[in-house]
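Chain and residue survey
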Amino acid sequence: MNATIRPGGPVRLVLVDDHAMFRAGVRSELTAAGAGVVDIVGEAPDVDSAVAVIREQRPDVVLLDVHLPGGGGVEVMRRQPSPDTCYLALSVSDAAEDVIGTIRGGARGYVTKTITGPELVDAVGRVADGDAVFSPRLAGFVLDAFAGSIDVAAVDEDLDRLTEREREVMRLIARGYAYKEVAKELFISVKTVETHMSSTLRKLQLSSRHELTRWANDRRLL
Amino acid sequence: MTTTSRPPTAPPGPLVPRRAFRDLSEPVAGGVAGGLARHLALPVLWVRVFFVAAALLGGFGIMLYAGLWIFLPADRALDVSAPGLESATRAGKRPGRGRRVIDAGPAVALGALAFGIVLGFESLLGQGFLFWPVVLGVAGVALLWRQADETQRERWLDTTGRIDPFGAVFGSGGWASYARIVLGAGLVIVGLGLFAFRNGQFQVAGDIVVAGLLGILGLGLVVGPWALRLVDDLAAERAERVRTQERADMAAHLHDSVLQTLALIQKNSHDSTTVARLARSQERDLRQWLFSTDEADATTVAGELRAMAAAVETDHPVLVDVVTVGDCPLDEQTRPVALAAREAVVNAAKHAGVPRVDVYAEVSDRSVDVFVRDRGAGFVPEGIAADRHGVRNSILDRMHRHGGSAEVRSAPGDGTEVRLHMPLDQRPAPQQEEKP
């Protein structure tokens, strides 16, 4: 896939990862594959400096590592350094609780570190446009979480509210289908696929808040 | 552990005694109720209600709670996840459970409840002679024990292994621990003072004796928790040391293998296929050690598929990405699916001419579904020559023979997807479904 120049100027991106070598690698890949699409405006190796850089630069997208000194990627999102910034988790971890935890913390998507440069540029673009980005593995985790077979500390009935269609879309993503192929397979538009994925993501993120209310309600604290 | 005689109905495998632990992940006071609830498989609310109700029976519940708090070990020491994740946890790199304001809810409710009980007693019995000192003392001791839990937990997370006398009391500090110690000690002292003051009115002579005794008692109460825990900790630390050594051995081993691979990569840097294969196999090796909680053995469907992917990757220059949802044991019914999937992956690796194959397996109660997909050359499924047996025998016929179904979707230039579906009958009755 070739990167198209974005109408509103390039996506301003901050790169957060505690390994300098990895940052350098991603930077060179993004520069090569995303010229004119992605503009790297800052880098940070840990939570505190990430918060500072994001607050100062107000980027469109933050490429966020899950394992980060100072409390992990979730901590960066929790401190909300910039309200309009979207987060894309980039992780090597295969532990479901890390991945699902980060998504619940507010990340718009999750991609693995073996992703190719053009795919990463595409994912960054999608996140900047407000879409959700699911790698096959994340889709697998999501299905697992919604089926209740992963014990993500707090999986509750709220998760069951994934519609059959959303489940179907996740299944196809887990099978390695691209968005376009999902749309073709299900006879729906790409836009609809994106809507399904966004709502899946929202349910996943919301469920922790619902669970909180339910927890308090069960104990007659509210 | 040796087991001499077991009833014949006992399931095979090592016998693990069920022990109750305190649940320190979100304790209201000592995590006793949470731990008990998990042990007895009851809703935690019931256990809490039981304790509160029992507390009204002359304080029986409080005594019981305190006793269990002292004697039940905390569970944190026994939580072991994969070494790579543990290391990331210790370095503070993983997202932790954030403390939310609402987490304090139960504690506040408990406090209010206790206060209510106190007022109730007062209205019933009037100003008791011993009552307030005892209440304050109990509250103070509870706070001190809470801090002891906190300190103990931090010591588990601490890797340096040094015991620092300040840290032994305050943990890594923070206003919460200081407040707990000061408030706890303060309450104990106020309780004692109140007792001595009221006493003093009547028994001036016994005063000194009582004060001395109380001093010793107070000291014992403060030091007691740590002294008692020390015995528990010794066992925990021994286990931890064994684990650490094991881990160090493993790390050394992996270190060697990683370095070997890197050396090979340097030598073969001109050959991108070899480099990719080496990197991939090394990644798999490391990943298994770092992240997998269950061994990727071939006794379950997911494990078998992963093992299959690894084998195919070693033999062919492709990357096989396996995503699994759910899992079930590999038995007579599910083995054909795994074998057919292997055949499909090998076919894709050989003929598709692309560097990547996606495998997705979903195991539900009713069926096992496996999808093998590539974006390669593709072919016309109807046009397979009659003498080619791979697809027909190993995939289609095998699945049909065992009661499942298979479908090959492919078109030239559009890649190939093999869909395998195997219905599962009721799990407990492993029957063979051999059709004639």
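Residues numbered from 1 in each chain as written. Chains lettered and ligands numbered in written order. Predicted model: local features only at pLDDT ≥ 70, side-chain atom pairs only at ≥ 80, totals over all residues. Heavy atoms only, no water.

**A few points about the pattern of salt bridges**
Rule in force here: Whenever a carboxyl oxygen of Asp or Glu lies within 4 Å of a side-chain nitrogen of Lys or Arg, that contact is scored as a salt bridge. Numbered from the N terminus, helices here are DSSP runs of H or I no shorter than four residues, and strands are runs of E no shorter than two. Only protein chains enter the accessibility calculation, which uses a 1.4 Å probe. A residue is then buried if its area is under 20% of the maximum for its type, exposed if over 50%, and partly exposed in between.
Taken as a whole, this structure holds 23 salt bridges over all chains when the rule is applied. Residue arginine 27 of chain A is joined to glutamate 43 of chain A by a salt bridge in which the shortest nitrogen-to-oxygen separation is 2.5 Å. Separated by 16 residues along the polypeptide, arginine 27 of chain A in helix H1 (residues 20–33) and glutamate 43 of chain A in strand E2 (residues 38–44) bring together distant segments of the chain. Under the relative-accessibility criterion, glutamate 43 of chain A is labelled partly exposed at 28%. Residue glutamate 313 of chain B pairs with arginine 280 of chain B through a salt bridge whose shortest N-O separation is 2.9 Å. Linking glutamate 313 of chain B in helix H11 (residues 301–315) with arginine 280 of chain B in helix H10 (residues 272–291), this pair joins segments that are 33 residues apart in sequence. Taking the relative accessible area as the measure of exposure, glutamate 313 of chain B reaches 3% and is therefore buried.

**Section: the UniProt feature "modified residue: 4-aspartylphosphate" (unreviewed entry) in chain A**
Residues and elements named next belong to chain A. Rules: UniProt positions are given in the numbering used here, feature names are shortened, and annotations may be inferred rather than shown by experiment. The contact criterion used is simple: two residues touch if any of their non-hydrogen atoms lie within 4.5 Å.
In this numbering, the UniProt entry assigns the feature "modified residue: 4-aspartylphosphate" (unreviewed entry) to Asp65. Along the polypeptide, aspartate 65 turns up in strand E3 (residues 61–65). Overall, the relative accessible area of 5% leaves aspartate 65 in the buried class. Leaving out residues up to four positions away in the same chain, aspartate 65 has contacts with Val16, Asp17, Asp18, Gly73, Leu90, Ser91 and Lys113.

**Here we look at the sheet that holds E2 of chain A**
Residues and elements named next belong to chain A. Quick reminder of the rule: When DSSP finds two or more bridges between a pair of strands, those strands are recorded as paired. Lines fitted to C-alpha atoms define the axes, with helix axes restricted to the stretch in contact, and inter-axis angles between N-to-C directions lie between 0 and 180 degrees.
As summarised here, the arrangement of the six strands in space is E2-E1-E3-E4-E5-E6, forming an open sheet in which the pairing is parallel. Since the sheet does not close on itself, it has two edges, and those belong to E2 and strand E6 (133–134), each with one partner. In terms of strand pairing, strand E4 (residues 86–91) meets strand E5 (residues 109–112) through four bridges, oriented parallel. Bridge pairing links leucine 90 to valine 111 in E5. Along the sheet, helix H2 (residues 47–57) contacts strand E1 (11–16), E2, E3 and E4; its crossing angle with E2, the most-contacted strand, is approximately 140 degrees.

**Describing the nonpolar core**
Note the following rule: The criterion is simple. A nonpolar core is a set of buried Ala, Val, Leu, Ile, Met, Phe, Trp, Tyr and Cys residues joined through side-chain atoms within 4.5 Å.
Judged by nonpolar contacts, the single largest core of 71 residues is most densely connected at Leu30, Leu63, Val76, Leu88, Phe134 and Met197 of chain A. Once residues lying within four places of it in the same chain are set aside, the contact partners of methionine 197 of chain A are Ala132, Phe134, Val169, Met170, Ile173 and Tyr179 of chain A.

**Considering the sheet that holds strand E3 (residues 367–374) of chain B**
Residue and element names in this part refer to chain B. If you trace the five strands from one edge of the open sheet to the other, you get E1-E2-E3-E5-E4, paired in mixed fashion. Every other strand in the sheet has two partners, leaving strand E1 (319–325) and strand E4 (405–410) as the edge strands with one partner each. Strand-to-strand, the axes of this sheet are offset by a mean angle of 10 degrees, without reference to chain direction. Running over the sheet, H11 touches E1, strand E2 (356–363) and E3 and is turned about 175 degrees from E1.

**A short note on the confidence of the model for chain A**
Worth spelling out the cut-off: Every residue gets a pLDDT, meaning the predictor's confidence in that residue, from 0 to 100.
Model confidence for chain A is summarised by a mean pLDDT of 80, while 82% of its residues fall at 70 or above. Note on residues 149–159 of chain A: pLDDT under 50 across the span, and 26 contacts to partners over four residues away in sequence or across chains.

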